[in-house]
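Summary of structural features
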Amino acid sequence: MPLNIDWQQILLHLLNFAILFCVLFFLLYNPIKKFMKKREDYYKNIDDEANKKLSDAEELKSSYENKLKASDEEIAEKQKAAYDSFSKEIDEQRAEAEKEAESIIESARKKSLKEKEDIISGAQTEIAEIAAAMADKIVKGNTSDTYDEFLTDAEKDEK
Amino acid sequence: MTEKKKKIIIFVIFAVIIAVLLVATILVSAQAKHESIQESMKDAVLHTYNKVNFFGLEVNPSVIAAFLITAVITVFALIVRIFVIPRFKMVPGKFQMLLEGWVNLFSNLASSNSPVRNKFLGGYIFTAGTYIFLSTIFELIGIQWTTTSGASVSLPAPLSDINAAISLGCLSYLIIMSGGIVSNGLRGVGKTLKDFSLPISMSFRMFGALLSGALVTELVYYYTALSYVLPVFVGVLFTLLHAFIQAYVLTMLTSLFYGEVSEPHIKKIRPKKAGGKTE
């Protein structure tokens, strides 16, 4: 053979390489690759767990934010309801006060009217009494012709 | 004693040791060479004369070198598998990082070039890359072995032998073809056969590259005068760089072609001709 190529030696080299392949593949390459895969999985798991925890935390945060928002709305509603009931009460109290004030004014007006009437009637009585006293005084003190004529006329009419 | 004085003393000691070794190499007569430089270089290429005994078979020294490397790697792999890998930590130490980096280099090469199917390919190029790299560096150690004629030879890099280069080149081609068959059946075979020159090019590229390094190293070490300082550069240039480059080239080419032939075939949808009435 040219270049001293020897098939037997080629086969011997192939045998040697096959042995070497088995040794290196099963004793070094595969176990080291497996270890690296295991480590990769380990860190990937940690990463996944961290991501999961992060997403859980995000979810929790958003749920708390929603709860906060809901409680804010509830507080606002309660505030509004309290304000409404308070303003309603105030209105009622105001209406009552107004009513009371009106009744007080009315009674005061009535009372003042009555007092006025009483004063007027008292004054009239007094005036009548004064007039009667004056008339009596006049009658008793000065008998005039006019009065006599009046009495005579009155007797005539009766007849 | 000041730091400067310590440095001077260490420097003087090293200089004396180097001088003694230098004189000794010149004074001690070298063993008579059993072959000329021409014969030595011709044998490095053709392996005609220097044969070694391998369980009763007369083989080239590269076969012994190949099995020796496999034995060393096997022992190393067993020790690592039994004592190191079970103690691997989530935060790696230096040695663990080296091992993981070495595995990752080939695993990534396989997955980037062949995204569809790469588990077996990763294992194959990991083995091939490790083998090429370590077997080329093995040349630097220069383990001596006795030939069948009784002479002593330095074990070469296995892949500087044409038989080893052909075996690895053809095996890589078969692996590429297997990827094509598994993914695309007969179409995969067709795709692989399209690059029929691949096993030859891969084999001879590796053979040529490693042989050139082996020849230069042989030339340098043959003469005593060239054996000072120069081997440092030769060793780095023709051994370490070849080790790295050839390991990278073969593994990259294998994974690239494997990825190409194992890519699932997608039928092209031809646009229908507009035969209907036009509005």
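This report concerns the structure included in the present document. (Residues numbered from 1 in each chain as written. Chains lettered and ligands numbered in written order. Predicted model: local features only at pLDDT ≥ 70, side-chain atom pairs only at ≥ 80, totals over all residues. Heavy atoms only, no water.)

Let's talk about helix α4 (residues 94-113) of chain B
Working note: α-helix, 3.6 residues per turn, so residues spaced by three or four point in the same direction. Taking 1.5 Å per residue as the helical rise, α4(B) with its 20 residues ought to reach 28 Å, and the 28 Å between its terminal C-alpha atoms agrees with that figure. Within α4(B), burial applies to Gln96(B), Leu99(B), Glu100(B), Val103(B), Phe106(B), Ser107(B), Leu109(B) and Ala110(B). (Helix = DSSP H or I, 4+ residues; strand = E, 2+ residues; numbered from the N terminus. Expected span 1.5 Å × (residues − 1). Buried < 20%, exposed > 50% of the residue type's maximum accessible area, 1.4 Å probe, protein only.)

Examining the interface of chain A and chain B
Each partner contributes to the interface: chain A provides 32 residues, whereas chain B provides 51 residues. Both sides together, the interface formed by chain A and chain B hides about 3,800 Å², and carbon and sulfur atoms give 75% of it. When the buried surface of chain A facing chain B is broken down by residue, His13(A), Phe17(A) and Tyr29(A) rank first, second and third, together holding 18% of it. Between chain A and chain B we count one salt bridge in total. Between Arg39(A) and Glu100(B) there is a salt bridge whose closest N-O contact spans 2.4 Å. Our enumeration of links across chain A and chain B arrives at seven residue pairs in polar contact (both at pLDDT 80 or more). (Contact = heavy atoms within 4.5 Å. Buried area = accessible area lost by both parts, 1.4 Å probe. Salt bridge = Lys/Arg side-chain N within 4 Å of Asp/Glu carboxyl O. Polar contact = N/O pair within 3.5 Å; in protein donor to acceptor, adjacent residues only side chain to side chain.)

So, the side chain of Asn163(B)
Its location among the elements puts Asn163(B) in helix α6 (residues 162-184). For Asn163(B), a relative accessible area of 0% puts it in the buried group. A polar contact of 2.8 Å, which involves the side chain of Asn163(B), links it to the backbone nitrogen of Asp6(A). Beyond its immediate sequence surroundings of up to four residues, Asn163(B) is in contact with Asn4(A), Ile5(A), Asp6(A), Gln9(A), Ile10(A), His13(A) and Asn60(B).

Description of the pattern of salt bridges
Residues and elements named next belong to chain A. Considering all chains together, one arrives at seven salt bridges over all chains under this definition. Lys52 is the salt-bridge partner of Asp56, the closest N and O atoms lying 3.9 Å from each other. Taken together, the residues span about one helical turn, with Asp56 and Lys52 both in helix α1 (residues 7-141) at a distance of four residues. We classify Lys52 as exposed; its relative accessible area is 53%.

Regarding α6(B)
Residues and elements named next belong to chain B. Between the first and last C-alpha of α6 there are 32 Å, a value that for 23 residues agrees with the 33 Å anticipated at 1.5 Å per step. Within α6, 17 of the 23 residues are buried, leaving the element largely enclosed by the surrounding structure. Gly185 sits one or two positions beyond α6 and adopts a positive phi of about 65°.

Section: the nonpolar core
Residues Leu28(A), Ile32(A), Tyr124(B), Tyr131(B), Leu159(B) and Leu168(B) are the most contacted members of the largest nonpolar core, which totals 59 residues. If you list the elements that add at least two residues to this core, you get α1 of chain A together with β1 (52-54), α3 (61-84), α4, α5 (119-141), α6, α8 (198-222) and α9 (230-261) of chain B. Of all the elements, α1(A) adds the most residues to this core, at 13 residues. Ignoring anything within four residues of it in the chain, the contact list for Tyr131(B) reads His13(A), Asn16(A), Phe17(A), Leu20(A), Ala66(B), Ile69(B), Thr136(B), Pro158(B), Leu159(B) and Leu168(B). Listed in part, the nine residues of the second largest apolar core include Ile10(A), Ile162(B), Phe207(B) and Leu215(B). (Core = buried A, V, L, I, M, F, W, Y, C linked by side-chain atoms within 4.5 Å.)

Notes on the packing of aromatic side chains
Summed over all chains, the structure comprises 16 aromatic pairs over all chains. Between Phe25(A) and Phe26(A), the aromatic rings sit 5.2 Å apart at their centres with planes inclined by 90°, giving edge-to-face as the arrangement. Accessibility expressed as a relative area gives 9% for Phe25(A), which makes it buried. Relative to Phe106(B), the ring of Trp102(B) lies with its centre 5.1 Å away and its plane at 85°, an arrangement referred to as edge-to-face. Taken together, the residues Trp102(B) and Phe106(B), both in helix α4 and four residues apart, mark about one turn of the helix. Judged by its relative accessible area of 4%, Phe106(B) is buried. Of the aromatic side chains, those joined through ring pairs into one cluster are Phe21(A), Phe25(A), Phe26(A), Tyr29(A), Trp102(B), Phe106(B), Phe120(B), Phe126(B) and Phe133(B). (Phe/Tyr/Trp six-rings, centres within 6.5 Å; stacked < 30°, edge-to-face > 60°.)

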